[in-house]
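Observations on chain architecture
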Amino acid sequence: MQQKIEVVIMAAGEGTRMHSALPKVLHKAAGRSLVEWVAEAARAVTEKPVLVYGNGGEQLRETLGEAFRYVYQAERLGTGHAVLTAQEEIRNSDYTIVLAGDMPLIRPETIARLAEETRKSGCDCMLLTACPEKTPPYGRIVRDAAGRICGIVEDKDATSEQKKIKELNFSFYCFKTSALLRALAQLTPDNAQHEYYLTDCVGILYRAGGDVRSIQIEDMRECVGVNTRVQLAEAEAALRARINEKLMLAGVTMIDPAATYIGPEVEIGEDTVIYPGVILEGKCRIGRGSTLYQGSRLVGCTIGDATTVENSVLLQAEVGDHTQIGPNAYLRPGTRIGSHCRIGDFVETKNAVIGDGTKVSHLTYVGDAELGEDINIGCCSLTSTARKRTRRS
């Protein structure tokens, strides 16, 4: 029988260092909010994660919609208290994974590995840990004389001797749910922060004879949390590099990947060439052998094979094969351009259907109109609320 796994994402932090009216986890990196990246990883083991939120709940619900089950943490009394507020959502599960909502670089493969190793070992709790060369102010993993994990000491509570410990906790946990619920019921705020620490569950389980284990995280970049705009920019760069690398390995050429901005839902065919300064957002679909020249921005567009776009803006537009767009064209929502077309400089379209082989070369507006095949529209024309089906006019 398949065991049930729930995922709790903690997103109730104030995020004061972001200096923003927007909840921290809603700040975007590489086309998605921070918490959406975490949820994407969580979906390796569950369909709809539990999101524990505090202030800004309405914004969270409006932005994220039905992607989560929501639990409100009325008082922010620590990470243990956050998970405790979600106990009814997890009670009927076999395992519970707990994640932080501000760590967008975690990969689905890592979450799947965490869950699988926990199930295989049969332990009460599995942690993702690492021993970085430089030790950031994270919780230290404390082990007994036999090498078993017996506790986690938060940096603010650690003694000078404990701060020498190199093995760190990175806030990725997988618990047997029954063990987690027992431990949560025993938490106390007896610490420097006067909060209920989720990390204290590890010591509680150990003292009760439970089995707590760890696996080493393979890529330290996955452990990066976002607390400032500087860290947000660093996460953005890392996520964009990950997206671009995947596309290039699949056959896409990027002249300068560091200066190319591609969202996570974009699909691009083999042998397409992308120049620096191109921005692709939303659910763009780019065909094979096309060329996107510098300065172009496409949002939610479909582009065919062997088509070129030069220094132009396309918003929710469709373009066929072997078509030239730009320079400096502006294709607004509802535009559908056929194959073997030419849409030239300073041409603007809106709700326009333009047939195969038609050319609209320059300084022209086509709005709420339908043009047939092989039409040539001259300079300084305005075509609106019209139907032209004449060929070669």
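Residues numbered from 1 in each chain as written. Predicted model: local features only at pLDDT ≥ 70, side-chain atom pairs only at ≥ 80, totals over all residues. Heavy atoms only, no water.

**A look at the environment of A250**
Residue position: A250 is located in the loop between α8 (229–249) and β12 (253–254). Residue A250 is classed as partly exposed on the basis of its relative accessible area of 44%. Sequence separation between A250 and E89 is 161 residues, and the spatial gap between their C-alpha atoms is 40 Å. (Helix = DSSP H or I, 4+ residues; strand = E, 2+ residues; numbered from the N terminus. Buried < 20%, exposed > 50% of the residue type's maximum accessible area, 1.4 Å probe, protein only.)

**Some words on the pattern of salt bridges**
A side chain with one charge may pair with a side chain of the opposite charge, provided their charged atoms come close. As enumerated under the stated definition, the model contains 22 salt bridges in all. The salt bridge involving R288 is made with E270; its shortest N-O contact spans 3.3 Å. One end of the pair, R288, is in the loop between β17 (285–286) and β18 (291–292); the other, E270, is in the loop between β14 (267–268) and β15 (273–274), and 18 residues separate them in sequence. Overall, the relative accessible area of 49% leaves R288 in the partly exposed class. Salt-bridge contacts for K350 lead to D368; the nearest nitrogen and oxygen are separated by 2.9 Å. In this pair, K350 is assigned in strand β27 (residues 342–354) and D368 in strand β28 (residues 359–371), connecting sequence segments 18 residues apart. (Salt bridge = Lys/Arg side-chain N within 4 Å of Asp/Glu carboxyl O.)

**Digging into the packing of aromatic side chains**
All told, the structure shown has six aromatic pairs when counted by the stated rule. Ring geometry for Y275 against Y293: centres 4.8 Å apart, planes inclined by 40 degrees, an arrangement best described as tilted. A residue pair is termed long-range when its members are at least 10 positions apart, and Y275 in the loop between β15 and β16 (279–281) and Y293 in the loop between β18 and β19 (297–299) qualify at 18 residues. The exposure class assigned to Y275 is partly exposed, which follows from its relative accessible area of 26%. Taking relative accessible area as the criterion, Y293 reaches 27% and is therefore assigned partly exposed. (Phe/Tyr/Trp six-rings, centres within 6.5 Å; stacked < 30°, edge-to-face > 60°.)

**Focus: helix α7 (residues 200–207)**
All buried positions along α7 are accounted for by C201, V202, G203, I204 and L205. Against the buried residues of α7 lie β7 (125–130), β9 (149–153), β10 (168–176), α6 (177–184) and β11 (212–216). At the exit of α7 stands G209, carrying a positive phi of roughly 90 degrees. (Contact = heavy atoms within 4.5 Å.)

**Observations regarding the packing of α6 against α7**
Two elements in contact, α6 and α7, have axes whose closest approach is 9 Å; the angle formed by their N-to-C orientations is 105 degrees. Our classification of the angle between α6 and α7 gives roughly perpendicular. Contacts between α6 and α7 involve A179, L180, A183 and L184 on the former and, on the latter, C201, I204 and L205. A per-class count over the contact of α6 with α7 returns seven nonpolar, no polar and no charged. (Axes fitted to C-alpha atoms, helices over the stretch in contact; angles between N-to-C directions. Parallel < 35°, antiparallel > 145°, perpendicular 65-115°, else oblique. Nonpolar A, V, L, I, M, F, W, Y, C, P; charged D, E, K, R; others polar.)

**Section: the side chain of T364**
Among the structural elements, T364 can be located in strand β28. The exposure class assigned to T364 is buried, which follows from its relative accessible area of 3%.

**Some points on the environment of Q3**
By the secondary structure assignment, Q3 is in the segment before β1 (5–11). Accessibility expressed as a relative area gives 35% for Q3, which makes it partly exposed. Between the C-alpha atom of Q3 and that of Y95, which follows or precedes it by 92 residues, the distance is 7.7 Å.

**Some details on the pairing of strand β6 (residues 95–100)**
Among the six residues that make up β6, six are buried, leaving the element largely enclosed by the rest of the structure. Bridging between β1 and β6 involves six bridges; their strand directions are parallel. Counted as the bridge partner of I9 is L99 from β6. Note that β6 and β10 share four bridges and pair antiparallel. Counterpart to T96 in the pairing with β10 is F175. (Pairing = 2+ DSSP bridges.)

**Thoughts on unusual backbone geometry**
Of note, the bond from G326 into P327 is cis; its omega dihedral lies within 30 degrees of zero at 10 degrees. Relative to the elements of secondary structure, P327 occurs in the loop between β24 (324–325) and β25 (330–331). Notably, D271 is not glycine yet its phi reads approximately 70 degrees, a positive angle. In this structure, D271 sits in the loop between β14 and β15. Phi is positive for L363, close to 50 degrees, though the residue is something other than glycine. Tracing the sequence through the fold places L363 in strand β28.

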